[in-house]
Amino acid sequence: MPAQKLLAATNTVEVVYLTPTSIGERLGIRARTVNAALIRMGLQFQNVNSAKGEPSYLPTEEGKPYSMMTVASGSNGDATTYQHLKWSERILELFNGNLATG
């Protein structure tokens, strides 16, 4: 019985992570605008030292609770792995009133 109560009390909500492109599609804007808004909101910064395979953007301390770094392999037989910064679906709530045109 105690194990069943523990399992019943455990919250197993799956978090969905989205690319800036996916966020933009949901909001009707371009990924570039999403990235600019994330920078302006203090959630990410541009990785000016990025090399091939490294992410173009990195989360700030404030952005880390909303983000996750993922790794994917290249397409068309490319053996290079790439890191991508993705954002929790919860980030959509923060976009209200924080979008710029562009």
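Please read these numbers as outputs of a predicted model, since none were measured by experiment. The numbers attached to residues start from 1 for each chain and follow its sequence in the written order. In keeping with the model being predicted, local features are shown solely for residues with a pLDDT of at least 70 and side-chain atom pairs are shown and tallied solely at 80 or more, while totals for entire chains, interfaces and linings include all residues. As a rule here, side-chain values cover all heavy atoms of the structure and leave hydrogens and water aside.

Peer 1: Requested: an account of the overall build of the protein, with residues and values cited.
Peer 2: Think of it this way: any DSSP run of H or I at least four residues long counts as a helix, any run of E at least two long counts as a strand, and we number them from the N terminus. In terms of helices and strands, the protein carries 4 helices and 5 strands. Going residue by residue from the N terminus, the α and β elements of the protein occur as α-β-α-α-β-β-β-β-α. Two residues form a contact once any of their heavy atoms are found within 4.5 Å. Counting only contacts in the protein whose residues sit at least 6 apart along the sequence, the fraction spanning at least 24 positions is 47%.

Peer 1: Outline the nonpolar core, listing residues and values.
Peer 2: Nonpolar side chains in soluble globular proteins tend to be buried together. To define a nonpolar core, start from buried Ala, Val, Leu, Ile, Met, Phe, Trp, Tyr and Cys residues and group those joined through side-chain atoms within 4.5 Å. Remark: exposure states derive from per-residue accessible area (1.4 Å probe, protein chains only) relative to the maximum for the residue type, with buried under 20%, exposed over 50%, and partly exposed in between. Residues L18, I23, V34, A37, L38, M41, L43, L85, W87, I91 and F95 constitute the largest nonpolar core, which totals 11 residues. Listing elements by their share of this core, those giving two or more residues are α3 (31-40) and β5 (81-88). Per-element tally for this core: the top contributor is α3, with 3 residues.

Peer 1: Just give me the short version of helix α2 (residues 20-27), but keep the residues and values in it.
Peer 2: All of the buried residues along α2 are P20, I23 and G24. One side of α2 holds all its buried residues, which, seen down the axis, span an arc of 100°. Looking at the buried residues of α2, the elements they touch are β1 (17-18), α3, β5 and α4 (91-94). Positive phi appears at G28, one or two residues downstream of α2, with a value of about 75°. This arc describes the spread of directions from the helix axis toward the C-beta atoms.

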